[in-house]
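# Fold and geometry: a report
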Amino acid sequence: MKKVVVVDGFSSGKEVARKLFIEGCSLLHVASRSTLDEYYYRGFDVNIYDCTIVHLEWASTLEQVRRFEPDIIIAGAESGVLLADQLNDVLSLDYVNDFSLTHARRNKYEMIKRVAGAGLLAARQCIAGTWCEGKKWIEAHNKYPVVIKPLESAGADGVHICHDITACERAFNSLLGTRNKLNIENEDVLIQEYLAGTEYVVNMVSLRGRQWVTEVVRYTKRTLETGNVVYDIDQLLDATAPVYDELVAYTRRVVKSLGIKNGPSHAEVMYTTAGPKLVEIAARTDGILRSSVSAQTTQLGQIDAFVLSITRPLEFERLLTSGRDYSLFKQTYNVSLISAVEGVFRKRAFLAELTKLNSFFEAVFYVEDGQKIGMTKDVFSQPGTVYLVHPDLAQIESDYAEIRNMELAGIYLEPL
């Protein structure tokens with residue numbers, strides 16, 4: 001029986017932990033801080049853990065983790081990446097990433113700097129602690145739009161696409177000195193060139209420095225009038241897609257340049273006219289994944305591959321040596337709900353209509369029935385995700401359009 005410490009077992013990390021529990025692992029949960037946004041605890045199952053602790057002071061946390069005698073320590077969500085790396089380094093475990101690059105895997109400025117230093121295409125950027133510094137770079141860059149976002153965040157939290165200097169100043173000032181959804185203070189702000197093109201996700205699981213590709217996904221995002229960016233559609237592609245090989249080869253080099261040797265990586269890559277350029281990468285599982293959907297579409301998604309690399313590494317090694325990536329057996333869209341107005345969330349009528357759609361597979365709601373919700377502005381304020389699965393992509397596209405029509409009609413919103 002393997003003993004696994006899960007740091008911040010939230011987001012898709014909840015499902016990773018549940019799978020590890022089913023596989024017979026003994027689990028200890030460590031919350032990286034006591035002030036995490038309540039969003040993370042929705043659906044958290046304390047019962048699968050032998051013990052749960054909150055990290056308040058380093059010596060105490062380290063002692064409690066030592067006492068557990070872990071075989072492996074993993075991050076379940078973005079907020080847990082640094083602490084998991086620190087614990088792994090002190091305890092000298094084997095299933096680890098390069099500790100010297102831990103901050104480059106979280107700090108987006110250092111991340112892009114490292115990738116560019118490895119000779120890979122990357123966005124031009126600036127880190128600014130004052131608006132004066134930021135304005136100077138923007139004016140010298142002299143090209144709009146530009147992207148303004150926190151150095152350390154997740155889920156498009158705080159990401160702004162700005163088309164003029166006034167919008168840039170407003171976005172900059174809305175971030176500087178505030179705390180993001182990971183409860184990290186934005187002491188500096190990241191400003192980057194806008195990467196025009198089509199955005200993709202490349203998910204992998206690594207073991208001893210070798211990567212197996214679990215998903216390549218085409219993103220569709222929507223930019224709101226506020227300049228905020230929200231997720232719209234995730235479409236899983238198969239290995240015959242024209243850009244597949246180039247995206248995978250680029251991402252493998254990104255993964256290696258950032259010292260990701262074991263465990264998952266979730267890379268967002270823009271395919272530009274110059275070729276692939278990294279938006280950002282995270283050393284954890286893709287937050288929107290569902291194993292039940294993967295079982296229908298590829299049969300082995302990132303969550304299950306991650307668990308396999310921990311519980312049955314020899315079997316995972318066979319995947320690595322097979323020379324094959326995943327195969328796509330059914331088409332799928334992950335549809336992120338986008339609420340245009342405030343209201344009270346009501347799911348009954350919405351679910352009744354969803355079940356009539358031929359490609360409907362599952363709906364996951366992040367809010368409770370009867371809960372007041374605001375206008376969607378980021379991943380943390382999206383009411384939920386609808387998963388569509390079907391052999392025919394045209395059917396999925398038709399059902400997607402119907403979901404957006406339902407939203408426009410306010411099907412899940414009761415007026416305040």
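These notes cover the structure that comes with them.

This paragraph deals with the overall build of the protein. Check the secondary structure of the protein and you find 12 helices and 19 strands. Relative to a compact globule of 416 residues, whose C-alpha radius of gyration would be 22 Å, the protein shows 21 Å and is just as compact. In the protein, the proportion of contacts linking residues at least 24 apart, taken out of those at least 6 apart, comes to 69%. Total accessible area on the protein stands at roughly 17800 Å², and carbon and sulfur atoms take up 48% of it. One finds the centroid of the 45 positive side-chain charges in the protein at a distance of 2 Å from the centroid of its 54 negative side-chain charges.

Formed by 67 residues in total, the largest nonpolar core has its most connected members in Val4, Leu20, Leu27, Ile74, Val216, Leu278 and Ile281. When neighbours within four sequence positions are excluded, leucine 27 is seen to be in contact with Val4, Val6, Ala17, Leu20, Phe21, Ile48, Tyr49, Asp50, Cys51 and Phe68. Core analysis: the next-biggest nonpolar cluster, separate from the first, contains 19 residues, Leu354, Val386, Tyr400 and Tyr412 among them.

For an α-helix the count is 3.6 residues per turn, leaving residues at separations of three or four pointing the same way. The end-to-end C-alpha distance of helix 7 (residues 244-257), which contains 14 residues, comes to 20 Å, matching closely the 20 Å that a straight helix rising 1.5 Å per residue would cover. All buried positions along helix 7 are accounted for by Tyr244, Leu247, Val248, Tyr250, Thr251, Val254, Val255 and Ser257. Along its buried surface, helix 7 packs onto helix 4 (108-117), strand 9 (198-207), strand 10 (210-223), strand 12 (263-272) and strand 13 (275-282). Following helix 7 by one or two positions, glycine 259 adopts a phi angle in the positive range, close to 70°.

So, on to the pattern of salt bridges. Two side chains bearing opposite charge may form a pair once their charged atoms approach each other closely. On inspection of all chains with the given rule, the structure shows 24 salt bridges. One salt bridge connects aspartate 232 with arginine 222, and the closest N-O pair in it is separated by 3.8 Å. Of the two residues, aspartate 232 sits in strand 11 (residues 229-236) while arginine 222 sits in strand 10, which places them 10 residues apart along the sequence. Under the relative-accessibility criterion, aspartate 232 is labelled buried at 6%. The residue arginine 346 makes a salt bridge to glutamate 414 at a minimum N-O spacing of 3.3 Å. Linking arginine 346 in the loop between strand 15 (343-345) and helix 11 (348-354) with glutamate 414 in strand 19 (residues 413-414), this pair joins segments that are 68 residues apart in sequence. Classification of glutamate 414 by relative accessible area gives partly exposed; the value is 35%.

On to the packing of aromatic side chains. Scanning the model with the defined rule gives 14 aromatic pairs in all. Taking the centre distance of 5.7 Å and the plane angle of 50° together, the rings of phenylalanine 345 and tyrosine 412 count as tilted. Residue phenylalanine 345 is found in strand 15, and its partner tyrosine 412 is found in the loop between helix 12 (393-408) and strand 19; the two are separated by 67 residues along the sequence. For the pair phenylalanine 345 and tyrosine 412, one class covers both residues: buried. Measuring from ring centre to ring centre gives 6.2 Å for phenylalanine 350 and phenylalanine 365, while their planes differ by 45°; the resulting arrangement is tilted. One end of the pair, phenylalanine 350, is in helix 11; the other, phenylalanine 365, is in strand 16 (residues 360-365), with 15 residues separating them in the sequence. Here phenylalanine 350 matches phenylalanine 365 in class, with each residue buried. An aromatic cluster of three or more residues is present, and its members are Phe10, Tyr40, Tyr41, Phe44, Tyr49 and Phe380. One Lys or Arg, lysine 3, reaches over the ring of phenylalanine 68 and ends 5.6 Å from the middle of that ring.

Attention shifts here to the packing of helix 2 (residues 58-68) against helix 3 (residues 81-91). Two numbers describe how helix 2 lies on helix 3: the axes approach to 11 Å, and their chain directions differ by 65°. As for how helix 2 packs across helix 3, the hand of that crossing is right-handed. Of the residues in helix 3, those touching helix 2 at Trp58, Leu62, Val65 and Arg66 are Leu83, Gln86, Leu87, Val90 and Leu91. Taken together, the residues of the contact of helix 2 with helix 3 break down into seven nonpolar, one polar and one charged.

Among the seven residues in strand 18 (residues 384-390), six count as buried, and that is most of the element. Taken together, the six bridges between strand 14 (residues 331-336) and strand 18 define a ladder with antiparallel strand orientation. Among the inter-strand pairings, asparagine 334 is bridged to a residue of strand 18, identified as tyrosine 387. Sheet topology note: the strand 16/strand 18 ladder contains five bridges and is antiparallel.

In this section: unusual backbone geometry. In terms of backbone geometry, most residues other than glycine have negative phi values and most peptide bonds are trans. Along the chain, tyrosine 144 connects to proline 145 via a cis peptide bond; the corresponding omega equals 0°. As for its placement among the helices and strands, proline 145 is situated in the loop between helix 5 (131-141) and strand 6 (146-150). Positive phi, close to 50°, is recorded for serine 11, a residue that is not glycine. Its location among the elements puts serine 11 in the loop between strand 1 (3-7) and helix 1 (13-22).

Definitions and limits used
What you see as residue numbers is a count from 1 along each chain, following the sequence as written. At least 70 in pLDDT is required for a residue's local features to be given in this predicted model, at least 80 for side-chain atom pairs to be given and counted, and no such filter applies to totals for whole chains, interfaces and linings, which use all residues. Note that water and hydrogens are dropped before the side-chain values are worked out from all heavy atoms of the structure. A run of DSSP states H or I qualifies as a helix once it reaches four residues; a run of E qualifies as a strand once it reaches two. Both are numbered from the N-terminal end. All radius of gyration figures rest on C-alpha atoms, and the globule criterion is 2.2 Å times the number of residues raised to 0.38. Any two residues whose heavy atoms approach within 4.5 Å are treated as being in contact. With residues, only the protein chains shown are counted as cover, and all accessible areas are computed by Shrake-Rupley using a 1.4 Å probe. Counting rule applied: Lys, Arg positive; Asp, Glu negative; His and chain ends not counted. The location of each charge is read from NZ of Lys, CZ of Arg, CG of Asp or CD of Glu. The definition of a nonpolar core used throughout is a set of buried Ala, Val, Leu, Ile, Met, Phe, Trp, Tyr and Cys residues joined through side-chain atoms within 4.5 Å. Relative accessibility thresholds used throughout: buried, under 20% of the residue-type maximum; exposed, over 50%; partly exposed, between the two (1.4 Å probe, protein chains only). Here the expected span of a helix is defined as 1.5 Å times the quantity of residues minus one. Think of a salt bridge as a Lys or Arg side-chain nitrogen and an Asp or Glu carboxyl oxygen that are within 4 Å of each other. Planes of paired rings set the category: under 30 degrees apart is stacked, over 60 is edge-to-face and the rest tilted, where pairs are Phe, Tyr or Trp rings (Trp by its six-membered ring) whose centres lie within 6.5 Å. Note on geometry: a ring has a charge over it if NZ (lysine) or CZ (arginine) is within 6 Å of the ring centre and within 35 degrees of the ring normal. Only the stretch in contact is used when fitting a helix axis, every axis being a line fitted to C-alpha atoms; angles between N-to-C directions are given from 0 to 180 degrees. Crossing handedness follows the turn of the near helix against the far one: under a right angle anticlockwise gives a left-handed crossing, and clockwise gives a right-handed one. Here the nonpolar group is Ala, Val, Leu, Ile, Met, Phe, Trp, Tyr, Cys and Pro; Asp, Glu, Lys and Arg are the charged ones; every other residue, Gly included, is treated as polar. Think of it this way: DSSP has to see at least two bridges between two strands before they count as a pair.

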